[in-house]
Amino acid sequence: MFKLWSTIIKDYRILTRDKMGLTLMFVMPIILAIVIASVQNSTFELVNENKIPVLLLNKDTSEPAMELEMALGKVGMFDIKKIHDIQNEADLKSRINTKDALVAIVIPDNYSEEVLKKAKSVAGEALKNIAIQEDSIQHTADTIIPVKLYYHPVLQQSFRKSIDGMLQSALQFIQSKYIVKNVYYAVNEENIPDALEKQIVTNQTPVTEIPVSKSDSRQIPNATQHNIPAWTIFAMFFIVISLGSSVVREKLNGSIIRLRTLPTHFGLAIVSKQITYVLVTMLQAAVIFSIGMWLFPQMGLPALNLPSDKAALFLVTFICGLCAASFAICVGVFSNTQEQANGFGAVSVVLLAAVGGLLVPSFVMPASFQFIMRLSPLHWCLEAYYGLFLEGGNLQDIWMNIIPLLVITLLLQIIAFYGLRRKSLI
């Protein structure tokens, strides 16, 4: 135990001298967690708070066009900016190119006319088998209401689809309103009462959002719950920069030869490195979780809510740290220079994060990547954390995620041991 303690102290001193490694292990993940959580939180709350500015050019002053304008204003996703100083679409395009707004909607001067024609046509088709006065319904050909939507090319397709869906909803609302008016007038020969019109047109079935959780919690996960566990794992595996370089450095500067002349085993040095860096990963998790709990609310971000099963959280963090240390030692054993360890280690962690679901959600991965995703230790780390943070599970619920992680960790240990034996280091 004295030998093990002495090697742990040695590795601790080496670690504290590596200022760049400490920066990569602590400062960079904290910055990433803050930035990504802030950006993603803005995306999650787009409908409620951060509305998309939309330029509106209404060339029609009739009632249906004005009602459409009001309907668009009630859409929670839009911040309508009605423009009066331009009347042609060329000037409107220049306003979009200067990014006054990324989206513009043009209501043409014949919009109201087309809405009324469409309403009469649909009402006529609906009542064609009913004996009513012929002059009450005018049969016209189906028309397409020519409302134009301009958008800046930087606007992503997902946002365009959302905007188009909101616009279509508003258009459908106005069209349905006038169809109901025409049908009611044709049958009753009087205008529809306002109360009945509102009841027919705006009556919608409410939708209640209920997150599915193993603990029957009704708390909706926020951007912090998604991002803090992910970037904690990323920080853990980035110890490959420091730990991998440390293993290579000891191979190159003769430390291993000196250790072999002592009455000890080089495997003891490897064990001490794992213990030291597993403690570092536990400290990383504690720091990042603390920032999520106490600093994020001060920045206007949702606070991190820790799982109820603290023992499971501690165990998952320990196993993730052990897997990260095993991966780093494996990289260090097979690297011949520090540049190789740093380059391969950093790139491999980013790739494993990408295919493991940290950068892109796993449920949107193509089918061809599903098998590769399961080979990434970061994927199982993230699934275990998500089982606690998002699903409200306990240790029993996440065993199926911990077991693959333990298997991968054991394989990394065996590969590292094989590399040490092959290079006659043990």
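Above this text you will find the structure in question.
The notes below deal with the structure included here. (Residues numbered from 1 in each chain as written. Predicted model: local features only at pLDDT ≥ 70, side-chain atom pairs only at ≥ 80, totals over all residues. Heavy atoms only, no water.)

Our focus in this paragraph is the pattern of salt bridges. In the structure shown here, the tally under the stated rule is three salt bridges. Its salt-bridge partner being E67, residue K177 comes within 3.0 Å of it at the nearest N-O pair. Pair noted here: K177 is in helix α6 (residues 157-188) and E67 is in helix α3 (residues 63-74), with a separation of 110 residues, a long-range link. Classification of E67 as buried rests on a relative accessible area of 13%. (Salt bridge = Lys/Arg side-chain N within 4 Å of Asp/Glu carboxyl O. Helix = DSSP H or I, 4+ residues; strand = E, 2+ residues; numbered from the N terminus. Buried < 20%, exposed > 50% of the residue type's maximum accessible area, 1.4 Å probe, protein only.)

Before going further, it helps to examine the layout of surface pockets. Its volume calculated, the second largest pocket comes out at about 530 Å³. Taken together, 18 residues make up the lining of the second largest pocket; nearest its centre are A71, K74, F173, V201 and T202. Contributions of two or more residues to the lining of the second largest pocket are made by α3, α6 and α7 (194-202). Sorting elements by how many residues they give to the lining of the second largest pocket places α6 first, with seven residues. Looking at the lining of the second largest pocket, its residues break down into eight nonpolar, four polar and six charged. (1 Å grid on protein atoms, 1.4 Å probe; cavity = no way out; pocket = protein on both sides within 12 Å on 5 of 7 lines; lining within 4 Å. Points joined across faces, edges and corners; volume = space filled by probe spheres on them. Nonpolar A, V, L, I, M, F, W, Y, C, P; charged D, E, K, R; others polar.)

Strands sit in the order β2-β1-β3-β4 across an open sheet of four strands; the sheet is mixed. Every interior strand has two partners, whereas the edge strands, β2 (78-82) and β4 (148-151), have only one. Between one strand axis and the next, the sheet turns by 25° as a mean value, whatever way the strands run. Pairing of strand β3 (residues 103-107) with β4, which is carried by four bridges, proceeds in the antiparallel orientation. Looking across to β4, one finds that V103 is bridged to Y151. The sheet strands contacting helix α4 (residues 89-97) are β1 (52-58), β3 and β4, and the helix crosses β4 at an angle near 35°. (Pairing = 2+ DSSP bridges. Axes fitted to C-alpha atoms, helices over the stretch in contact; angles between N-to-C directions. Contact = heavy atoms within 4.5 Å.)

Under the counting rule described, the total for this entry stands at six aromatic pairs. Centre to centre, the rings of W231 and F234 are 5.2 Å apart; their planes meet at 80°, and the pair counts as edge-to-face. Within this pair, W231 and its partner F234 are both found in helix α8 (residues 223-237), separated by three residues, close to a single helical turn. According to the relative accessible area criterion, W231 is buried, its value standing at 7%. Centroid distance F237 to F327: 6.2 Å. Interplanar angle 55°. Geometry classified as tilted. One end of the pair, F237, is in helix α8; the other, F327, is in helix α12 (residues 310-334), and 90 residues separate them in sequence. Among the aromatic residues, those joined into a ring-pair cluster are W231, F234 and F238. We note K181 situated over the ring of Y178; from NZ or CZ to the ring centre the distance is 4.8 Å. (Phe/Tyr/Trp six-rings, centres within 6.5 Å; stacked < 30°, edge-to-face > 60°. Lys NZ or Arg CZ within 6 Å of the ring centre and 35° of its normal.)

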